[in-house]
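Chains, contacts and geometry: an overview
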Amino acid sequence: MSADDINEKIDYKKEESDCLNNLLVDENYYSWQLEDIWNMGKVIEIQVAIDKCKESILALEETSEEKRLLVQRLVKLRLRLQEVQELEIYMDPKKMKLVQSHKFVSLSVTQLKFHPSQIYCETCCGLIWIPVQSCFVCLDCEYISHGHCLNSVKRICASIMVKENPTYILEICPEKSLGNQNYRCAECKADSTLNQPLLCDYSGHYFCSECHWGSLSIIPSRVVLNWDFQGYPVSKGSKQYLTLMRKKSILNLESINPKLFSFVEELAYVKRLRSNVMIMKEYILACKEALEAKLLRLLEDRQHFVENADYYSLQDLIDIYNNDMLSYLDPIHSQFFRHITQDCLGCRGKGHVCRLCGQLPEVFPFEVSVSQCDNCRSVFHRHCFEKKGVVCPKCAKDKFVN
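Thresholds, definitions, all that
Residues numbered from 1 in each chain as written. Predicted model: local features only at pLDDT ≥ 70, side-chain atom pairs only at ≥ 80, totals over all residues. Heavy atoms only, no water. Helix = DSSP H or I, 4+ residues; strand = E, 2+ residues; numbered from the N terminus. Buried < 20%, exposed > 50% of the residue type's maximum accessible area, 1.4 Å probe, protein only. Pairing = 2+ DSSP bridges. Axes fitted to C-alpha atoms, helices over the stretch in contact; angles between N-to-C directions. pLDDT = per-residue confidence, 0-100. Contact = heavy atoms within 4.5 Å. Salt bridge = Lys/Arg side-chain N within 4 Å of Asp/Glu carboxyl O. Core = buried A, V, L, I, M, F, W, Y, C linked by side-chain atoms within 4.5 Å. Expected span 1.5 Å × (residues − 1). Phe/Tyr/Trp six-rings, centres within 6.5 Å; stacked < 30°, edge-to-face > 60°. Lys NZ or Arg CZ within 6 Å of the ring centre and 35° of its normal. Left-handed = near helix turned anticlockwise from the far one by under 90°. Nonpolar A, V, L, I, M, F, W, Y, C, P; charged D, E, K, R; others polar.

**Concerning the environment of Val84**
Mapped onto the elements of the fold, Val84 is located in helix α4 (residues 65–90). Val84 sits in the buried class, given a relative accessible area of 3%. In this structure, the C-alpha to C-alpha distance between Val84 and Ile46, residues 38 residues apart in sequence, is 9.1 Å.

**So, the sheet that holds strand β3 (residues 135–138)**
With antiparallel pairing, four strands are arranged side by side in an open sheet as β1-β2-β3-β4. Sheet topology places β1 (97–99) and β4 (144–146) at the edges, where each strand pairs with a single neighbour. Strand after strand, the sheet turns through a mean of 35° between neighbouring axes, direction not considered.

**A closer look at the confidence of the model for the protein**
As a general rule, the predicted coordinates of low-pLDDT regions are not to be interpreted in detail. Overall, the predicted model of the protein reaches an average pLDDT of 80, with 78% of residues at or above 70. This model gives residues 5–32 a pLDDT under 50, and the stretch forms 26 contacts once residues within four places in sequence are excluded.

**Details of the pattern of salt bridges**
For the coordinates displayed, the defined rule picks out 11 salt bridges. For Glu254, the salt bridge is made with Lys271, and the minimal N-O distance between the two is 2.2 Å. Of this pair, Glu254 sits in helix α8 (residues 253–256) while Lys271 sits in helix α10 (residues 265–285), placing them 17 residues apart in sequence. Judged by its relative accessible area of 26%, Lys271 falls in the partly exposed class. Glu300 is paired through a salt bridge with Arg297; the nearest N and O atoms lie 3.0 Å apart.

**Here's the deal with the pairing of strand β8 (residues 231–234)**
The two faces of β8 differ: Tyr232 and Val234 on one face are buried, but Gly231 and Pro233 on the other face are not. Across four bridges, the pairing between strand β7 (residues 215–218) and β8 is antiparallel. Each bridged residue has a counterpart across the sheet, and for Ile218 the counterpart in β8 is Gly231.

**Considerations on the pairing of strand β2 (residues 102–107)**
Direction of pairing for β1 relative to β2: antiparallel, over a ladder of three bridges. Within β2, the residue paired with Val99 across the bridge is His102. In this structure, the hairpin formed by β1 and β2 is closed by a connection of two residues, where Gln100 is found at a positive phi of approximately 50°. Two strands pair when backbone bridges link them, and β2 and β3 are joined in this way by four bridges, in the antiparallel orientation. Bridging across to β3, Leu107 finds its partner in Cys135.

**Looking at the nonpolar core**
Of all hydrophobic cores here, the largest spans 64 residues; its most connected members are Trp227, Leu253, Leu267, Leu299, Leu317 and Phe336. Examining the composition of this core, we find that seven residues originate from one element, α10, more than from any other. Non-local contacts of Leu317, meaning those with residues more than four positions away in its chain, are made with Val223, Val224, Trp227, Phe229, Leu251, Leu253, Leu267 and Tyr312.

**Here we look at helix α13 (residues 325–343)**
When the terminal C-alpha atoms of α13 are compared, their 26 Å separation across 19 residues agrees well with the 27 Å that a helix rising 1.5 Å per residue should span. Every buried residue of α13 is listed here: Met325, Tyr328, Leu329, Ile332, His333, Phe336, His339, Ile340 and Thr341. Those residues of α13 that are buried are in contact with α10, α11 (288–293), α12 (314–321) and α14 (345–348).

**Things to note about the side chain of Lys67**
Following the sequence through the fold, Lys67 ends up in helix α4. When its relative accessible area of 15% is taken as the criterion, Lys67 is described as buried. If we ignore the near neighbours within four places in the chain, the residues touching Lys67 are Ile57, Leu60, Glu61 and Glu62.

**A short note on the packing of aromatic side chains**
All chains considered together, the criterion is met by eight aromatic pairs. An angle of 85° between the planes, with centres 5.8 Å apart, marks the rings of Tyr283 and Phe366 as edge-to-face. Here Tyr283, found in helix α10, pairs with Phe366, found in the loop between α14 and β11 (370–372); they are 83 residues apart in sequence, far enough to count as distant. Take Tyr283: its relative accessible area is 9%, and that puts it in the buried class. For Phe366, a relative accessible area of 2% translates into the label buried. When the ring centre of Tyr312 is taken as reference, the NZ or CZ atom of Arg274 above it lies at 4.6 Å. The aromatic ring of Tyr328 is capped on one face by Arg302, whose charged end is 4.9 Å from the ring centroid.

**A few points about unusual backbone geometry**
Its identity is not glycine, yet Gln100 carries a phi of approximately 50°, on the positive side. With respect to the element layout, Gln100 can be found in the loop between β1 and β2. One non-glycine residue, Tyr183, adopts positive backbone phi at about 55°. With respect to the helices and strands, Tyr183 occurs in the loop between α5 (158–164) and β5 (198–199).

**A few points about the packing of α10 against α13**
Angle between the axes and distance between the axes are the two parameters that describe a pair of packed helices. Two numbers describe how α10 lies on α13: the axes approach to 10 Å, and their chain directions differ by 35°. The way α10 lies across α13 gives a crossing that is left-handed. The residues of α13 that touch α10, namely those facing Tyr269, Val270, Leu273, Arg274, Asn276, Val277, Met280, Tyr283 and Ile284, are Met325, Leu326, Leu329, Asp330, His333, Phe336, Phe337 and Ile340. For the contact of α10 with α13, the residue count by class is 13 nonpolar, two polar and two charged.

Structure representation (structure tokens):
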């Protein structure tokens, strides 16, 4: 290549660079271009970039590669402008839109807690095309909507129902007839005769195909009555409500279905461990070393385990069914047990001596090998207390004195 050819090529490249306003057109152009555009957050900034891009396009030859790339950039700029304008329309100064008690904010695909290949608007059931349309998600119930569909949202946020009345329907599929619903969708009130009505297995109501997408969910009533963890079709509203309620400890199995403990061994074992934890709690709260070691904090993920022994959340029952609960609770129970009976002299000093045999070591009410008097709660070795004709010495003494 001659020196004239080299100089001509350099001049051509310089002219190209001036026409493109110093845009870098190389093998990394696409990634640079995309990052540059999506970092723009103001309408004025994007509009200036569009005007400059137009001028650069007009200054180039009709069929050049650079012009094709600039046209692509112009399209992306206009899409970004549409999105930013939509955000300014639908978002308040605090970047939150309140509709039917939903707290909507605009999120990108990477900010979602889930990453589906396609995202659909729960208001119009249409596909949300992320590069063009903004995706608004409720911070509480994860309701998803187009920005332009927000004013058409009819479903009240499930978090409101959870706060006001956190209870379950404990009747298995309490089906209501379509006549009781005036042949309309239970949620949007659309005429159910237009589409095939769909039954929600949780609420027993019928819904249209826009409010019932066939989502499967574990039904609390089927769990506590039949120990059935199969997923059943529920409406979108019920799905969101059940998701928010999953960790609420409101199921008292002793009052709902006490026979369940006889049929499910794992459940009975967890019940015994929880009863022991409640007894151990009294020792731990009175122990300075245990408080400094923050032993009770081991159960902070399930706070209700240190508040009572009777109430369960639906997630607790799911974990028991999946054998995940024992791997969580057993090590904590063992650590509490070891601290009280072996490691801590103060806690060991609060143990009981069997009044029937008087032999050491001390016994504790949460041990498997002990029995307690139902009346005075005195603690004995089980083999001592269950002998024929044995009565509690303390109760017998009190009865004699009285």
